[in-house]
Amino acid sequence: MLPVLLPGMIGGATGGPQGEPSDSQLRAAFLFRFGQYASWPKGSDGASATAPFVIGVFADPALLKEMARLVAGRMIEGRTVSVRAVDQVEDQEGLAVLFLGTDDPLLIGRAIRVARARGILTVGYTDGFAERGGMINFFHEDAKLRFEVNVDATANAGLRLSSQLLRLARLVKSQGGEP
């Protein structure tokens with residue numbers, strides 16, 4: 001998956017054992033790439049042609065630090081990419097992407113409801129995140145970082161993910177009621 005989606009993203013930065021990229025470095029690179037392989041609904045902050053493309057990070061300082069390093073000077077669709085810490089899950093003003101670094105189901109549910117209404121791509125790193133209505137979730141399989149996509153959740157928020165991205169993902173459906 002890495003050669004297809006992440007060429008040139010990790011560079012010489014290493015943080016893991018034996019010179020391999022750390023988990024935070026890989027997730028940061030994926031988050032940036034998700035922004036390149038998604039389309040946002042008209043009128044959402046993700047679809048703005050002039051505002052910066054903002055990726056919010058909640059409750060994951062290591063990822064926030066790595067994202068800040070990775071997006072410096074980068075653009076998506078001609079827009080400057082920036083990253084900011086999100087202190088409250090409802091604080092999603094101006095975001096195109098929100099990463100949730102929590103496994104608290106109440107916080108996740110609240111964040112997903114706000115994000116869905118605003119057309120914000122939600123990404124998590126918790127078992128069951130996508131099945132609970134999150135859009136993209138990281139997981140490990142065979143000692144590699146992978147991701148799964150809840151296509152219904154993205155469609156319900158008016159977002160579209162490219163077929164290139166979906167081919168690399170494990171597709172899941174929502175279970176239970178809406179968060």
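Residues numbered from 1 in each chain as written. Predicted model: local features only at pLDDT ≥ 70, side-chain atom pairs only at ≥ 80, totals over all residues. Heavy atoms only, no water.

(A) Representation of the overall build of the protein in the model. Check the secondary structure of the protein and you find six helices and ten strands. Among the 179 residues that make up the protein, the fraction classed as buried is 49%. Across the protein, contacts joining residues at least 24 apart in sequence account for 58% of those joining residues at least 6 apart. Accessible surface for the protein amounts to roughly 8,500 Å². Of this, 51% is attributable to carbon and sulfur atoms. (Helix = DSSP H or I, 4+ residues; strand = E, 2+ residues; numbered from the N terminus. Buried < 20%, exposed > 50% of the residue type's maximum accessible area, 1.4 Å probe, protein only. Contact = heavy atoms within 4.5 Å. Areas by Shrake-Rupley, 256 points an atom, 1.4 Å probe, with all protein chains shown as cover.)

(B) Structural detail: the packing of aromatic side chains. Applying the stated criterion to the full structure yields eight aromatic pairs. Pairing F34 with F147 gives two aromatic rings, centres 5.1 Å apart and planes at 70 degrees, and the pair type is edge-to-face. Of this pair, F34 sits in helix 2 (residues 23–36) while F147 sits in strand 8 (residues 144–150), and the two are 113 residues apart along the sequence. F147 matches F34 in its accessibility class, with the two residues each being buried. Here the aromatic residues F30, F34, F99, Y125, F138 and F147 are joined through ring pairs into a cluster of three or more. (Phe/Tyr/Trp six-rings, centres within 6.5 Å; stacked < 30°, edge-to-face > 60°.)

(C) Representation of the environment of S82. Note that S82 resides in strand 4 (residues 79–85). The class for S82 is partly exposed, based on a relative accessible area of 26%. Between the C-alpha atom of S82 and that of V71, which follows or precedes it by eleven residues, the distance is 6.5 Å.

(D) Expanded view of helix 2. Taking 1.5 Å of rise per residue, 14 residues should cover 20 Å, and helix 2 covers 20 Å from first to last C-alpha, within 8% of that figure. Counting buried positions along helix 2 gives twelve out of 14 residues, so the element sits mostly inside the fold. Along helix 2, the positions that sit buried rather than exposed are S24, Q25, L26, R27, A28, A29, F30, L31, F32, R33, F34 and G35. (Expected span 1.5 Å × (residues − 1).)

(E) How the structure looks around the nonpolar core. Core analysis: the biggest nonpolar cluster contains 37 residues, and F34, M67, V97, L121, V123, I136 and F147 have the highest contact counts within it. When contributions to this core are tallied by element, the ones reaching two or more residues are helix 2, strand 2 (53–58), helix 3 (61–71), strand 4, strand 5 (95–100), strand 6 (121–124), strand 7 (136–141) and strand 8. With seven residues, helix 2 is the single largest residue contributor to this core. Ignoring anything within four residues of it in the chain, the contact list for I136 reads F34, L121, T122, V123, G124, F129, F147, E148, V149 and L161. In terms of nonpolar packing, the next biggest core, distinct from the first, is built from 14 residues, V89, L100, I108 and A111 among them. (Core = buried A, V, L, I, M, F, W, Y, C linked by side-chain atoms within 4.5 Å.)

(F) Region of the structure containing the pattern of salt bridges. Inspection of every chain in the model, using the stated rule, returns seven salt bridges. D23 is paired through a salt bridge with R27; the nearest N and O atoms lie 2.9 Å apart. Separated by four residues within a single helix, D23 and R27 lie in helix 2, roughly one turn from each other. The exposure class of D23 is partly exposed, given its relative accessible area of 25%. By relative accessible area, R27 is classed as buried at 4%. Here the salt bridges share partners, and the residues they tie into one network are D23, R27 and D60. (Salt bridge = Lys/Arg side-chain N within 4 Å of Asp/Glu carboxyl O.)

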